[in-house]
Amino acid sequence: MSLAKITSVAGRGVYVAGNDIDTDRIIPARFMKCVSFDGLGEFVFFDVRKNPDGSAKPHPLNEPRFQGAKILLSGANFGCGSSREHAPQAIQKYGFRAIVAEGYAEIFFGNCTTLGLPCLTASREDIAKVAAAIEANPQLEVTVDVTAQEVRFGGQTIKATMRESARDALVNGRWDSIAELLEGAPQVQVLAKSLPYLAA
Amino acid sequence: MAKSLFQKVWDAHTVRQLANGQTQLLIGTHLIHEVTSPQAFGMLRDLKLKVAMPHRTFATVDHIVPTDQFAEPYADPLAQAMMDALRKNCAEFGVTFFDRASGKQGVVHIVGPEQGITQPGTTIACGDSHTSTHGAFGAIAFGIGTTQIRDVLATQTMALGALKVRRIEVTGKLRPGVYAKDVILHIIRTLGVNGGTGFAYEYAGEVFERMSMEERMTVCNMSIEGGARAGYINPDETTFAYLKGRPYSPKGAEWDAAVARWKSFASDVGCKYDDVVTIAAATIEPTVTWGINPGQAIGVGECIPTPASATSADEKASIVEALEYMKFAPGSPIKGTKIDVAFLGSCTNGRLSDFEEVAKYVKGRKVAPGVKALAVPGSQIVALQCAKLGIDKILSEAGFEWREAGCSMCLAMNPDKLIGDQVSASSSNRNFKGRQGSPTGRTILMSPLMVAAAALTGKVADAREVFQVSN
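In this report, the structure presented in the accompanying data block is examined. Just so it is clear, the model here is predicted, and its values are computed rather than measured.

What counts, and where the lines are drawn
- Residues numbered from 1 in each chain as written.
- Chains lettered and ligands numbered in written order.
- Predicted model: local features only at pLDDT ≥ 70, side-chain atom pairs only at ≥ 80, totals over all residues.
- Heavy atoms only, no water.
- Helix = DSSP H or I, 4+ residues; strand = E, 2+ residues; numbered from the N terminus.
- Buried < 20%, exposed > 50% of the residue type's maximum accessible area, 1.4 Å probe, protein only.
- Contact = heavy atoms within 4.5 Å.
- Rg over C-alpha atoms; globule rule 2.2 N^0.38 Å.
- Areas by Shrake-Rupley, 256 points an atom, 1.4 Å probe, with all protein chains shown as cover.
- Lys, Arg positive; Asp, Glu negative; His and termini not counted.
- Charge placed at Lys NZ, Arg CZ, Asp CG, Glu CD.
- Buried area = accessible area lost by both parts, 1.4 Å probe.
- Salt bridge = Lys/Arg side-chain N within 4 Å of Asp/Glu carboxyl O.
- Polar contact = N/O pair within 3.5 Å; in protein donor to acceptor, adjacent residues only side chain to side chain.
- Pairing = 2+ DSSP bridges.
- Axes fitted to C-alpha atoms, helices over the stretch in contact; angles between N-to-C directions.
- Parallel < 35°, antiparallel > 145°, perpendicular 65-115°, else oblique.
- Left-handed = near helix turned anticlockwise from the far one by under 90°.
- Nonpolar A, V, L, I, M, F, W, Y, C, P; charged D, E, K, R; others polar.
- Expected span 1.5 Å × (residues − 1).

Attention now moves to the overall build of chain A. Helix and strand counts for chain A stand at eight helices and eight strands. If you line up chain A on its principal axes, its C-alpha atoms span 60 × 45 × 25 Å. Expressed as a percentage of its 200 residues, the buried residues of chain A come to 60%. Across chain A, every contact between residues at least 6 apart in sequence was considered, and the portion connecting residues at least 24 apart equals 68%.

The number of helices and strands found in chain B is 17 helices and 19 strands. At 21 Å, chain B has a C-alpha radius of gyration in line with the 23 Å of a compact globule built from 471 residues. With the principal axes as the frame, chain B shows a C-alpha extent of 55 × 55 × 45 Å. Counting over 471 residues, chain B shows a buried share of 65%. The long-range share in chain B, meaning contacts at least 24 apart out of those at least 6 apart in sequence, stands at 75%. Just so you have it, chain B exposes about 15100 Å², and 55% of that area is on carbon and sulfur atoms. With 48 positive and 46 negative side-chain charges, chain B shows a spacing of 1 Å between the two charge centroids.

Below, the discussion takes up the interface of chain A and chain B. The parts lose accessible area when they come together, and the size of an interface is often stated as this lost area. Of the residues lining the interface, 51 residues belong to chain A; the matching set on chain B comes to 69 residues. If you sort the residues of chain A by the area they bury against chain B, K33, L181 and Y197 of chain A come out on top, with a joint share of 16%. Here chain A and chain B share five salt bridges between them. In this structure, the salt-bridge partner of R25 of chain A is E321 of chain B, at a minimum N-O distance of 3.1 Å. At the junction of chain A with chain B, the criterion picks out 24 residue pairs in polar contact (both at pLDDT 80 or more). Elements with a contribution of two residues or more to the side of chain A that touches chain B: α1 (23-26), α4 (106-114), α6 (164-171), α7 (178-183) and α8 (185-193) of chain A.

Moving on: unusual backbone geometry. Residue and element names in this part refer to chain B. Residue P73 follows E72 across a cis peptide bond; omega there is 0 degrees. With respect to the helices, strands and loops of the structure, P73 is situated in the loop between β4 (57-60) and α3 (77-93). You will see that S408, though not glycine, has its phi angle at about 55 degrees, which is positive. Positionally, S408 belongs in the loop between β17 (401-402) and β18 (423-426). Here the phi dihedral of Q468 falls at roughly 50 degrees; this positive angle occurs in a residue that is not glycine. Position of Q468 among the secondary structure elements: in the segment after α17 (463-466). Classification of Q468 as exposed rests on a relative accessible area of 60%.

Take helix α3 (residues 86-94) of chain A next. The buried fraction of α3 of chain A is high, at seven of nine residues. Of the residues flanking the end of α3 of chain A, it is G95 of chain A, one or two places downstream, whose phi is positive at about 130 degrees.

Attention now moves to the environment of K272 of chain B. Among the structural elements, K272 of chain B can be located in the loop between α10 (253-264) and β12 (275-280). Once the C-alpha coordinates of K272 of chain B and M1 of chain B are considered, the two residues, 271 residues apart in sequence, prove to be 9.5 Å apart.

To continue, consider the sheet that holds strand β5 (residues 96-98) of chain B. To summarise the sheet geometry, strands pair through backbone hydrogen bonds and adopt either a parallel or an antiparallel arrangement. All names here are of chain B. Strand order in the open sheet formed by five strands is β5-β4-β3-β6-β7, and the pairing between neighbours is parallel. Lying at the two open borders of the sheet, with one neighbouring strand each, are β5 and β7 (140-143). On average, each strand axis in the sheet is tilted by 20 degrees relative to the strand beside it, whichever way the strands run. Here four bridges tie strand β6 (residues 123-126) to β7, and the two strands are oriented parallel to one another. Opposite T123, over in β7, you have I140 as the bridge partner. Contacts from helix α1 (residues 5-12) reach β6 and β7 within the one sheet, and its direction differs from that of β7 by about 80 degrees.

Residues and elements named next belong to chain A. Read from one edge to the other, the open sheet built from four strands follows the order β2-β3-β4-β5, with strand pairing classed as parallel. Only two strands of the sheet have a single partner each, and these edge strands are β2 (13-15) and β5 (119-121). Adjacent strand axes in the sheet meet at a mean angle of 20 degrees, parallel and antiparallel pairs treated alike. Two strands pair when backbone bridges link them, and β2 and strand β3 (residues 71-73) are joined in this way by three bridges, in the parallel orientation. Its bridge partner being in β3, Y15 is matched across the sheet by L73.

The next subject is the packing of α3 of chain A against α4 of chain A. All names here are of chain A. Contact geometry of α3 with α4 gives a least axis separation of 9 Å together with a crossing angle of 50 degrees. What the angle tells us is that α3 and α4 run oblique. Considering the relative orientation of α3 and α4, their crossing is right-handed. Each of A87, P88 and I91 in α3 lies in contact with α4, whose residues at this interface are F108, N111 and C112. The class makeup of the residues in the contact of α3 with α4 is five nonpolar, one polar and no charged.

So, on to the side chain of Q105 of chain B. Residue and element names in this part refer to chain B. Position of Q105 among the secondary structure elements: in the loop between β5 and α4 (108-114). When its relative accessible area of 1% is taken as the criterion, Q105 is described as buried. A polar side-chain atom of Q105 sits 2.9 Å from the main-chain carbonyl oxygen of V61. A polar contact is formed between the side chain of Q105 and the backbone oxygen of A405, at a distance of 3.3 Å. Those residues in contact with Q105 that lie beyond four places of it in its chain are T60, V61, D62, V65, F98, D99, R100, V111, S379, Q380 and A405.

Pairing of side chains with opposite charge becomes possible as their charged atoms draw close. Applying the stated rule across the entire model yields 45 salt bridges over all chains. With a closest N to O distance of 2.9 Å, E169 of chain B and R167 of chain B form a salt bridge. Judged by relative accessible area, E169 of chain B falls into the partly exposed class, the value being 22%. Notably, a salt bridge pairs R403 of chain B with E401 of chain B, separated by 2.6 Å at the nearest N-O pair. Exposure remark for R403 of chain B: the relative accessible area of 12% places this residue in the buried category. We classify E401 of chain B as partly exposed; its relative accessible area is 29%. Through salt bridges that share partners, D22 and R25 of chain A together with E321 and K433 of chain B make up one connected network.

With twelve residues, α10 of chain B should reach 16 Å at 1.5 Å per residue; the first-to-last C-alpha distance of 17 Å fits that figure. Elements in contact with the buried residues of α10 of chain B: α9 (237-243) of chain B.

Have a look at this one:
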């Protein structure tokens, strides 16, 4: 299985402000009643984007000028709460290809990496700079450079870091670990014999 | 060298280092349920893979089950489709399924311990963030996403980076009317909802040593709400006594060997922790949330924070956002806040001792007019135990609707939902916006007895006053 080397993502950005944005908010539980991840994209941030009657609420993702954005910017502890992979799946299927935030909840971060969706961490001040530039010009191209761990936009560059194991997995095309895990099967069999509770 | 339980379990389950520096970790026990597993089985089929260790994979159905309907087909065709998918996947891949007809079905984090599947010194994964619950037994238990479920199904391993360990000591004695739920809400309030990022929490000290296994599960359950990927308590005689005689517990001579092995996993005296936090039990009050995350919590006697009380711009913004959503007046007492719904149940507080404690105090009393009160046992076995003790009858007579086992209104993937901006007094684990099924619904988290006090008075109340709690 050959995976894409995700070294860099370029496209327009959108800033969804706030800290502690939980995965229930990213994809409400009622949309998890499905046996496939297909079609989840349209429900991303559903309850903060729509009123119960279906009309639109003020939200950056509802603004025509931010349609087609590939880079999502947000605050601290992004993706906290439920382990539902439906959240990164919805973000990815909506069209996002990278996230830049102040920080991430652990399970969400791991789920994103496994899907080849880079999550980079930047300081609040730096994210505010990108957000301001996007606000001034929503067409601005933003480049998230996973290899160099930086974000470039309109002649500016900010530092954006990533845990080395995740960065390595993305840039070297081994973010989906299944092939490598399968290769370890002989060692798994040996180790399992040392753990009595695994006896069949 | 002295090691923590986390380190010992990690070392014992390390298969090898992966190219990116992560560890390939053997997952001894894999628990699955209907919501996060169907896509993983689909991926297995696409890759033409089998389940590596079907005998170490256990399934149940909990999130979508209607609690007022046992017969199939369910009214909701999507719920039925998920039920059918799990049943088919388990049959096809040879996985044990605690179906509703088995009498052993329930919330996955209640079923594992109940069956004796959850054991000390083991690794556990489940596609549910509250998998941290199993840490109560001295297991290292991880909530995972669906692609990782595929990994565990196919290889019985997953790729993971090691965690740091923070020891959280709660010293002294809890005051009367203060429960395990209050302890964990207090910890999250103190350390923050992302304070545990990068850590496993080791809960230690007299308070946890005295707790029953069910109380320990309540604490470990909410580790994830504090941002910790895992939480655990070192195994001791309480742990072994709980496990003895359960269906999947070791038997006969194997039992003694297992206990000896389990003991060896406990953290060594003098082992190094990355951080240590100490909390005095006497400072913990019955704790309730007032906002939109579990860290936004106060003692029941305290007032709802004002934006002006914030110590940072961040905190101020979250207070403003929470107050706007909750429609609460800043600076007013939380006590007296009118509630519409009372929910007893969930993987946090849906066990026998939770209902037993409530029944002890509500016997002969009535739920306030206008309050919808739900009591949802966490498993069919909990329901049976409650029936044997007459707890179902006591709660029904008090005005609670006694339901079938499931996750129910904790996340409202079944028909049990808040309506509009109803306020719910809930023994569950999350007060996120819209969590209990209505996009504008409001949740106040608290201990089961506090839920009972709210149900009986129709408002947030101090259970110690409502019930004259003294023991």
